[in-house]
Amino acid sequence: GEEQTLDHSAEDLLLEMKTDEVARLQDRTGRLEGAVVGFTAVLFGGFVLSLGILYLVYRHLRNEVSARKRSEQKLSQAGLELQAANEQLADRNREVERASRMKSEFLSRMSHEFRTPLNGITGYSELLAEEGAGPLNEAQKRFLGHIEKGAKHLLQLINEILDLSRI
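Summary of the structure given here. What you see is a predicted model, and the numbers here were worked out from it, not measured in a lab.

### Side note on the overall build of the protein
Helix and strand content of the protein: two helices and zero strands. For the protein, the C-alpha radius of gyration of 59 Å lies well beyond 15 Å, the compact-globule estimate for 167 residues. Burial statistics for the protein: of 167 residues in total, 7% are counted as buried. Restricting the contact set of the protein to residue pairs at least 6 apart, pairs at least 24 apart contribute 66%. Where the 22 positive side-chain charges of the protein centre and where its 26 negative ones centre are 18 Å apart.

Structure representation (structure tokens):
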């Protein structure tokens, strides 16, 4: 009988130990499942946060690229405008050079075509005034005076125009 009692006591003790072991195992499993759920939540939260950061970086980069493209377009347009302005400036420079050549040509002609005959008129009127070819009456002397005065005045005007053009 004692053996049976011992067997029952051992079985009861084993059953109690099994129950205690199952309870501890369930407790540990519950805590481990809680830790896994917490870790999963942290991992998922980190994943969502990473996606949010990646999205913000993507938007920022997209805005930067768009801004750069707009700047490049403005720069390209400014380059085209500058090129057009340079072409206009080159055209104007050619016009200025042409006008300068024409001015030089005009002054050269003016100097030669006007001054040479006026010097002749002045010289001949002075010769006539000296009466080397014969005596002059008062009307002829007066006419020669007008010719000399007019020729000298025209020569002075031409000289002043040439002086102004040099300035």
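### Describing the nonpolar core
Counting seven residues, the largest nonpolar core is built from L107, M110, L118, A151, L155, I158 and L162. For this core, the elements supplying multiple residues, two or more each, are helix 1 (2–129) and helix 2 (138–166). It is helix 2 that contributes the most residues to this core, four residues altogether. The residues contacting I158, other than those within four sequence positions of it, are M110, F114, R115 and L118.

### So, a nonpolar patch on the surface
A cluster of nonpolar residues, F44, F47, V48, L51 and L54, forms a patch on the protein surface that exposes about 530 Å² of accessible area. Within the secondary structure, F44 is located in helix 1.

### Digging into helix 2
With 29 residues, helix 2 ought to run about 42 Å at 1.5 Å a step, and its terminal C-alpha atoms sit 42 Å apart, in line with that. Buried residues of helix 2: L144, E148, A151, L155, I158 and L162, and no others. Those residues of helix 2 hidden inside the fold are in contact with helix 1. Where helix 2 begins, one side-chain oxygen reaches toward the backbone nitrogen of A139, 3.2 Å away; that side chain belongs to N137.

### Quick word on unusual backbone geometry
Positive phi values are uncommon outside glycine, yet E131 reaches one of about 60°. Its location among the elements puts E131 in the loop between helix 1 and helix 2. Judged by relative accessible area, which is 29%, E131 ranks as partly exposed.

### Describing the environment of L154
If you trace the backbone, L154 turns up in helix 2. Along the sequence, L154 and R115 sit 39 residues apart, while their C-alpha atoms lie 8.8 Å from each other.

### Some thoughts on the packing of helix 1 against helix 2
The interhelical angle for the contact between helix 1 and helix 2, taken along N-to-C directions, is 155°, at an axis separation of 9 Å. The angle between the axes of helix 1 and helix 2 places the two elements in the roughly antiparallel class. Helix-helix and strand crossings are classified by hand; for helix 1 and helix 2 the assignment is left-handed.

### Digging into the side chain of T122
Take T122: it is sitting in helix 1. Looking at T122, its side chain comes within polar contact range of the main-chain oxygen of L118, at 2.8 Å. Excluding its chain neighbours within four sequence positions, the residues that come into contact with T122 are A151 and K152.

### Section: helix 1
Relative to the 190 Å expected for 128 residues at 1.5 Å per residue, helix 1 spans 182 Å between its end C-alpha atoms, a close match to the ideal helical length. At R115, helix 1 shows its largest kink, close to 25°, and the proline P117 lies no more than four residues downstream. Along helix 1, the residues classified as buried are L107, M110, L118, T122 and S125. Elements in contact with the buried residues of helix 1: helix 2.

Rules of the game
Once a new chain begins, its residue numbering starts again from 1 and follows that chain's sequence as written. In keeping with the model being predicted, local features are shown solely for residues with a pLDDT of at least 70 and side-chain atom pairs are shown and tallied solely at 80 or more, while totals for entire chains, interfaces and linings include all residues. To get the side-chain values, all heavy atoms of the structure are used, and hydrogens and water are removed first. Secondary structure elements follow DSSP: runs of H or I no shorter than four residues count as helices, runs of E no shorter than two count as strands, and numbering proceeds from the N terminus. As a reference, a globule follows 2.2 Å times the number of residues to the power 0.38, and the radius of gyration itself is taken over C-alpha atoms. Whether a residue is buried, partly exposed or exposed follows from its accessible area with a 1.4 Å probe, protein chains only, as a fraction of its type maximum: under 20%, in between, or over 50%, in that order. Here, residues are in contact when the closest pair of their heavy atoms is within 4.5 Å. Charge convention: Lys and Arg are scored as positive, Asp and Glu as negative, and His as well as the terminal groups of each chain are ignored. Charge positions come from single atoms, namely NZ of Lys, CZ of Arg, CG of Asp or CD of Glu. For this analysis, a nonpolar core means a set of buried residues of the types Ala, Val, Leu, Ile, Met, Phe, Trp, Tyr and Cys, connected via side-chain atoms within 4.5 Å. Each patch is assembled from residues with relative accessible area greater than 30% and no salt bridge, linking like charges that lie within 9 Å and nonpolar side chains (Val, Leu, Ile, Met, Phe, Trp, Tyr) that lie within 5 Å. For every accessible area listed, the method is Shrake-Rupley and the probe measures 1.4 Å; residues are considered covered only by the protein chains on display. Whenever a carboxyl oxygen of Asp or Glu lies within 4 Å of a side-chain nitrogen of Lys or Arg, that contact is scored as a salt bridge. Multiply 1.5 Å by the residue count of a helix minus one, and that product is the helix's expected span. Identification of polar contacts relies on pairs of N or O atoms within 3.5 Å, with a donor-acceptor requirement for protein atoms, meaning one able to donate a hydrogen and the other able to accept it, and with residues adjacent in sequence counted only if both atoms are side-chain atoms. Only the contacting stretch of a helix is used when fitting its axis, a line to C-alpha atoms as for every element, and angles between N-to-C directions run 0 to 180 degrees. To sort the angles, those under 35 degrees are grouped as roughly parallel, those over 145 as roughly antiparallel, those from 65 to 115 as roughly perpendicular, and the leftovers as oblique. Helix crossings are classified by the rotation of the near helix relative to the far one: an anticlockwise turn of less than a right angle makes the crossing left-handed, while a clockwise turn makes it right-handed. Bend at a given residue is defined as the angle between two axes, one fitted to the seven residues that end at that position and one fitted to the seven that begin there.

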